[in-house]
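Each chain is listed here by its residues.
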Amino acid sequence: MFTERLSRFQTRLAKAGIDVALITDDDNVYYLTGYYDYLHMEFGRPTILVVPKDGPSLLITPTIDLNSAKAAARVDRIAPWNDGMGKEWREELPAAVKGASKVGIEPGHMPPLVRAYVDELVGSEKLTSVTPILNDMRMIKSTEELQLARHAGQVATSMMAAGRAAIADGVPEYEVAIATSQAGTRKAAELLAAHYDDADMSPNTHFLQIMASGRDIIKTHHRASTRIMRQGEPVFLCFCGMTNFHRFKLGFDRTFWIGEAPADHVEVYEVALASQKAALAALKPGVTAESVHAAYAEVIQGAGFEYPFRCGRATGFSFLESPQLVTGDKTIIQPGMVLAVDGSVSVETFRAQVGDSFIITDTGWEPLTSHPKSVEEVIL
C-alpha cells in the first residue's frame with residue numbers, strides 16, 4: 001500500500017515538473033511510508049522524507065527513532081542523525097537537492113528551522129508547493145482506507161455510547177471522559193486483533209475529551225473538567241480528536257440533557273438537527289462542497305440565527321483534509337471521500353451541535369457513525 005502510494009506520488013511529481021520533494025508533515029510521512037510515532041519538532045528533531053521524481057526515496061530521521069523507522073518505513077534508504085553530531089539532519093540534504101531545478105515542499109507544514117535551511121540551500125525561486133498534489137491524492141480513499149474509516153466509526157460509536165451511559169446528575173465530567181476512553185480503547189483493541197497485523201499500532205484513544213456541560217456548553221472545545229453535572233443541564237460530547245483508529249480520524253458529536261430539556265434549548269436543537277438534515281439531503285456526488293454548506297446555512301439563517309461556521313470537512317489520516325464544506329470551496333464531491341457533516345446553532349446561553357461522518361458512495365452516502373439524535377432520544 002505505502003510503496004504504491006510513493007510510486008504514484010513520484011509519477012505526479014514528474015508530471016508537475018518537480019525534481020524532488022521534501023515532505024515534513026507527519027501525516028504525509030505516514031501516508032507515503034507507513035512511518036509514525038517518532039519524536040517530532042516539538043522536541044527539536046526534524047524528520048524529512050526526500051522523494052525524487054525518479055530515484056530512491058530517503059528518510060532522514062533522528063537516530064533515537066532508528067529502530068522504529070527500520071520496522072515501519074517503506075523507503076529505499078534511512079539516514080539517521082544524532083544530536084550534535086556533524087551537520088545533523090542537514091547532512092544529507094545538499095546531495096538530495098543537488099541539480100534540482102524545482103524542489104517541492106509543504107509550505108504550511110515545514111518547520112521554520114528546516115525552511116530557513118532549505119531557502120539557503122536551494123533558493124526560494126526554485127521552491128514550489130506539493131501540498132495540492134498530496135491533497136488531491138488523499139481526497140479519494142482506497143479500499144483499505146475505507147475499511148479503516150468503518151472501523152474508526154465503530155470505535156467512535158462505542159465511545160459515544162459509553163459517554164452517554166456515564167452522564168448523570170452528580171457525576172463529574174472527567175468520569176465521562178474516562179468511560180469514553182476505556183470503551184474506545186477496548187473496541188480498537190478488538191478490531192486491531194481481528195483485522196490488522198501491525199503489532200505496534202496502539203489501541204489507546206488519543207486527545208483530551210471534548211465535552212462541556214451546564215453553563216460551559218457554549219465553550220465549543222471545552223475539555224472534560226472536575227465540574228459536577230446536574231439535573232436539567234445540557235451536555236455536549238465531541239469525538240473529533242479522540243476518534244483516531246489506526247491513525248484514521250473522523251468527526252462525531254452529540255448534545256444531551258440530564259432528565260429534561262428546556263423549551264428554548266429544544267427550539268435551538270431542532271434547528272441544528274434540521275441544518276444537518278438539509279446538508280445531508282444536498283450531499284451527493286457531483287455537487288460542490290460549498291453547495292452543501294449553503295443548504296445547511298440556509299436553514300440556520302432562515303430560522304433567524306447567525307451565519308454559521310463551516311458545515312463540515314474531509315477527514316482521513318489528518319483531522320482536516322480537502323475538501324471543506326464551506327463557502328468558497330468549489331471541489332466536486334466524489335465517491336470515496338470521507339466527510340464529517342455537522343448541524344450547529346449557537347446562542348448566548350446555549351449551543352447545540354450534532355455531527356456524523358460519512359463515506360460518499362456512487363449514489364449518496366454511507367454513515368460511519370451512529371447514535372440517536374431526536375430530542376426524545378437524547379434526554380437521559
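Everything numeric here is computed off the predicted structure, so don't read it as measured data. (Residues numbered from 1 in each chain as written. Predicted model: local features only at pLDDT ≥ 70, side-chain atom pairs only at ≥ 80, totals over all residues. Heavy atoms only, no water.)

J.: Help me understand the overall build of the protein chain, please; the structure alone is not making it clear to me.
T.: Each helix and strand in the protein chain was counted, giving 10 helices and 16 strands. For a compact globule of 380 residues, the expected C-alpha radius of gyration is about 21 Å, and the protein chain comes in at 23 Å, within 12% of that figure. Referenced to the eigenvectors of the C-alpha coordinate spread, the extents of the protein chain come out at roughly 70 × 40 × 40 Å. Scored against the burial criterion, the 380 residues of the protein chain give a buried share of 54%. The long-range share in the protein chain, meaning contacts at least 24 apart out of those at least 6 apart in sequence, stands at 67%. Summed over its atoms, the accessible surface of the protein chain is roughly 16,200 Å², and 52% of this surface lies on carbon and sulfur atoms. (Helix = DSSP H or I, 4+ residues; strand = E, 2+ residues; numbered from the N terminus. Rg over C-alpha atoms; globule rule 2.2 N^0.38 Å. Buried < 20%, exposed > 50% of the residue type's maximum accessible area, 1.4 Å probe, protein only. Contact = heavy atoms within 4.5 Å. Areas by Shrake-Rupley, 256 points an atom, 1.4 Å probe, with all protein chains shown as cover.)

J.: Help me out: how do you make sense of empty space enclosed by the protein in this one?
T.: Using a probe with the size of a water molecule, rolled over the atoms, empty space left in the structure can be pinpointed. Per the counting criterion, the structure on display carries 1 cavity of 30 Å³ or more. Of the pockets and cavities examined, the largest cavity occupies roughly 50 Å³. (1 Å grid on protein atoms, 1.4 Å probe; cavity = no way out; pocket = protein on both sides within 12 Å on 5 of 7 lines; lining within 4 Å. Points joined across faces, edges and corners; volume = space filled by probe spheres on them.)

J.: Would you mind going over the pattern of salt bridges with me for this structure?
T.: Any two side chains of opposite charge can pair, on the condition that their charged atoms come close. Overall, the coordinates contain 20 salt bridges when judged by the stated rule. Linking R8 and E4 is a salt bridge whose minimum nitrogen-to-oxygen distance equals 2.8 Å. Here R8 and its partner E4 are both found in helix α1 (residues 2-16), 4 residues apart, which amounts to about one turn of the helix. Here R8 falls in the partly exposed class, since its relative accessible area comes to 33%. Residue R77 is joined to E92 by a salt bridge in which the shortest nitrogen-to-oxygen separation is 2.9 Å. Residue R77 is located in strand β4 (residues 77-81), and its partner E92 is located in the loop between β4 and α4 (93-97); the two are separated by 15 residues in the primary sequence. R77 sits in the partly exposed class, given a relative accessible area of 41%. Residues joined in a network through salt bridges with shared partners are D27, D37 and R247. (Salt bridge = Lys/Arg side-chain N within 4 Å of Asp/Glu carboxyl O.)

J.: How do you make sense of the layout of surface pockets when you look at a structure like this?
T.: Approximately 460 Å³ is the volume attributed to the largest pocket. Broken down by secondary-structure element, the contributors of at least two residues to the lining of the largest pocket are α3 (66-72) and α7 (143-166). Sort the elements by how many residues they give to the lining of the largest pocket and α3 lands first, with 3 residues. Grouping the constituent residues of the lining of the largest pocket by class yields 8 nonpolar, 3 polar and 6 charged. D37, H206, N244, R247 and K249 are the residues nearest the centre of the second largest pocket, which is lined by 16 residues in total. Elements represented by at least two residues in the lining of the second largest pocket include exactly α2 (26-33) and β9 (244-245). Among the residues forming the lining of the second largest pocket, the class breakdown is 5 nonpolar, 6 polar and 5 charged. (Nonpolar A, V, L, I, M, F, W, Y, C, P; charged D, E, K, R; others polar.)

J.: Is there a simple way to think about the nonpolar core in this case?
T.: Nonpolar side chains in soluble globular proteins tend to end up buried together. Counting 98 residues, the largest nonpolar core has F9, I23, F245, I333, L339 and V341 as the members making the most contacts within it. Element by element, the count of residues in this core is highest for α7, at 9 residues. Discounting residues that sit within four places of it in the chain, F9 has contacts with A21, I23, L32, V51, V130, I133, L134 and M137. Ranked by size, the runner-up nonpolar core spans 20 residues in total, among them W81, V103, V118 and L127. (Core = buried A, V, L, I, M, F, W, Y, C linked by side-chain atoms within 4.5 Å.)

J.: Hey, could you run me through the sheet that holds strand β2 (residues 48-52) in this one?
T.: The strand order β4-β3-β2-β1-β5-β6 describes an open sheet built from 6 strands, whose pairing is mixed. In the strand order of this sheet, the two ends are held by β4 and β6 (127-129), each with one partner. This sheet shows a mean twist of 25 degrees between the axes of neighbouring strands, independent of strand direction. Each of β1 (20-23) and β2 touches α1; the most contacted strand, β2, lies at about 60 degrees to it. Each of β1, β2, β5 (103-105) and β6 touches helix α5 (residues 112-122); the most contacted strand, β6, lies at about 135 degrees to it. (Pairing = 2+ DSSP bridges. Axes fitted to C-alpha atoms, helices over the stretch in contact; angles between N-to-C directions.)

J.: What is the right way to read the packing of α1 against α2 from this model?
T.: Between two packed helices, the angle of one axis relative to the other and the distance separating the axes together describe the packing. The contact between α1 and α2 brings their axes to 6 Å, and the two run at 110 degrees. Classified by the interaxial angle, the pair formed by α1 and α2 is roughly perpendicular. Residue-level inspection shows F2, R5, L6, R8 and F9 of α1 in contact with α2, the latter providing Y30, Y31, L32 and T33. Each residue belonging to the contact of α1 with α2 can be placed in one class, and the counts come to 6 nonpolar, 1 polar and 2 charged. (Parallel < 35°, antiparallel > 145°, perpendicular 65-115°, else oblique.)

J.: Quick question: what am I supposed to make of the packing of α7 against helix α8 (residues 173-195) here?
T.: Remark: α7 packs on α8, axes separated minimally by 8 Å, with the N-to-C direction vectors making an angle of 150 degrees. On the basis of their axis angle, the class for α7 and α8 is roughly antiparallel. The two elements α7 and α8 meet at a crossing, and its hand is right-handed. Here α7 contributes H151, Q154, V155, S158, M159, A162, G163 and A166 to the contact with α8, which in turn contributes E175, V176, A179, T180, A183, G184, K187, A188, L191 and H195. When the residues that make up the contact of α7 with α8 are grouped by side-chain class, the tally is 9 nonpolar, 7 polar and 2 charged. (Left-handed = near helix turned anticlockwise from the far one by under 90°.)

J.: I would appreciate a short explanation of the environment of A303 in the present structure.
T.: Positionally, A303 belongs in the loop between α10 (289-302) and β12 (312-314). Through-space distance from the C-alpha of A303 to that of S225 is 33 Å; in sequence the pair is 78 residues apart.

J.: Is there a simple way to think about helix α6 (residues 131-139) in this case?
T.: What sets the pattern is the α-helix's 3.6 residues per turn: residues three or four places apart point alike. Among the residues of α6, those classed as buried are I133, L134, M137, R138 and M139. In the core, the buried residues of α6 are packed alongside α1, β1, α2 and β13 (321-325).

By themselves, these are just geometric observations and shouldn't be taken as functional.
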